[in-house]
Amino acid sequence: LKRQAMEARAEKFPQKTSALSARYSNKSRKFAASIFNRNNKQQTNMQETILAISGKAGLFKLVGRGNNTLIVETIDETHRRTTAGARDRVTSLADVTMYTEADDVPLMQVFQNICDALKGEPTSFGYKTASEAELTKFMDEVALPAWDRDRVRVSAIRKLVQWYNLLVQAGYKE
């Protein structure tokens, strides 16, 4: 009875996706399984250890694993540690893509385009105070000239700029 109520609620309120949502492919499922598997000795690279957690602001670095939790640390100047449980939607930045007119482009490639254009410096404008015209100009000239204007929302561009500035301030240049 409880399962039927949960399924009815899921049908009534479908989850929204954005241009920065992860593609839940086999690769991302395997990554999520490997994060919660304590016996996995596989080395992960920087792209897979930088995480976005739904409902929590900013980006996080994977520090360790606990019982059904991840121990993460913010990559801002506070370096505050917190946990992300199995119910939190944790997404590796390596699994996130941006919509373009042709194929989707990995978010790390977009960050690299911005880093190359700005020579590793943060953006000259604040993501909160930037106008819509300024953000679209930034996408056209710096980040991704072939971006899909119909599917990429302004809020996704703001998040892109915010995440790029966080990564640059934390010292992630490549």
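Heads up: the structure comes first, above all this text.
Residues numbered from 1 in each chain as written. Predicted model: local features only at pLDDT ≥ 70, side-chain atom pairs only at ≥ 80, totals over all residues. Heavy atoms only, no water.

Considering the packing of aromatic side chains
Then, number 1: Enumeration over the complete set of coordinates arrives at two aromatic pairs.
Then, number 2: Judged by centre distance (5.5 Å) and plane angle (80 degrees), the ring pair of F125 and F138 falls under edge-to-face. Remark: F138 occurs in helix α5 (residues 132-143) and F125 occurs in the loop between α4 (107-118) and α5; sequence separation between them is 13 residues. Each member of the pair, F125 as well as F138, is classed as buried. (Phe/Tyr/Trp six-rings, centres within 6.5 Å; stacked < 30°, edge-to-face > 60°. Helix = DSSP H or I, 4+ residues; strand = E, 2+ residues; numbered from the N terminus. Buried < 20%, exposed > 50% of the residue type's maximum accessible area, 1.4 Å probe, protein only.)

Considering helix α6 (residues 154-169)
Then, number 1: If you check α6, its first and last C-alpha atoms are 23 Å apart, about what 16 residues at 1.5 Å a residue would give, namely 22 Å.
Then, number 2: Considered for burial, the residues of α6 that qualify are A156, I157, L160, V161, Q162, W163, Y164, N165, L166, L167 and V168.
Then, number 3: Contact partners of the buried residues in α6: β1 (50-53), β6 (97-98), α4 and α5.
Then, number 4: Directly after α6, the chain includes G171, whose backbone phi takes a positive value near 95 degrees. (Expected span 1.5 Å × (residues − 1). Contact = heavy atoms within 4.5 Å.)

Considerations on the sheet that holds strand β2 (residues 60-66)
Then, number 1: Taken in spatial order, the five strands of this open sheet run β4-β3-β2-β1-β5, and their pairing is antiparallel. This sheet does not close on itself; its edge strands, each paired only once, are β4 (81-85) and β5 (90-92). Between one strand and the next, the sheet's axes are offset by a mean angle of 45 degrees, whatever the strand orientation.
Then, number 2: Relative to β5, β1 runs antiparallel, the two being bridged by three bridges. (Pairing = 2+ DSSP bridges. Axes fitted to C-alpha atoms, helices over the stretch in contact; angles between N-to-C directions.)

So, unusual backbone geometry
Then, number 1: One non-glycine residue with positive phi stands out, namely N68, at about 60 degrees.
Then, number 2: The residue N68 is located in the loop between β2 and β3 (69-74) in this model.
Then, number 3: The phi dihedral of K119 falls on the positive side, at around 55 degrees, and the residue is not glycine.
Then, number 4: Structurally, K119 is set in the loop between α4 and α5.
Then, number 5: K119 sits in the exposed class, given a relative accessible area of 72%.

So, the environment of Q109
Then, number 1: Relative to the elements of secondary structure, Q109 occurs in helix α4.
Then, number 2: By relative accessible area, Q109 is classed as partly exposed at 42%.
Then, number 3: Sequence separation of Q109 and M98 is 11 residues, and the distance between their C-alpha atoms is 9.6 Å.

Focus on α4
Then, number 1: Here α4 is 12 residues long and its end C-alpha atoms lie 17 Å apart, about the 16 Å a rise of 1.5 Å per residue gives.
Then, number 2: Where α4 is concerned, the buried positions are L107, M108, V110, F111, I114 and C115. When α4 is viewed along its axis, its buried side chains cluster within an angular range of 155 degrees and face the same direction.
Then, number 3: Where α4 terminates, the next one or two residues include K119, which has phi positive at roughly 55 degrees. (Arc of directions from axis to C-beta.)

Overview of the environment of T97
Then, number 1: Structurally, the position occupied by T97 is in strand β6.
Then, number 2: With relative accessibility at 14%, the residue T97 sits in the buried group.
Then, number 3: When the C-alpha positions of T97 and L107 are compared, they lie 4.9 Å apart, and in sequence the two are 10 residues distant.

Some points on the environment of T74
Then, number 1: Among the structural elements, T74 can be located in strand β3.
Then, number 2: Remark: the alpha-carbon pair of T74 and L166, spanning 92 residues in sequence, is separated by 9.8 Å.
Then, number 3: Ignoring sequence-local partners within four residues, the contact set of T74 consists of L59, F60, H79 and R80.
Then, number 4: Within the structure, the side chain of T74 is placed 2.8 Å from the side chain of D76, a separation counted as a polar contact.
Then, number 5: A polar atom in the side chain of T74 sits 3.2 Å from the side chain of T78. (Polar contact = N/O pair within 3.5 Å; in protein donor to acceptor, adjacent residues only side chain to side chain.)

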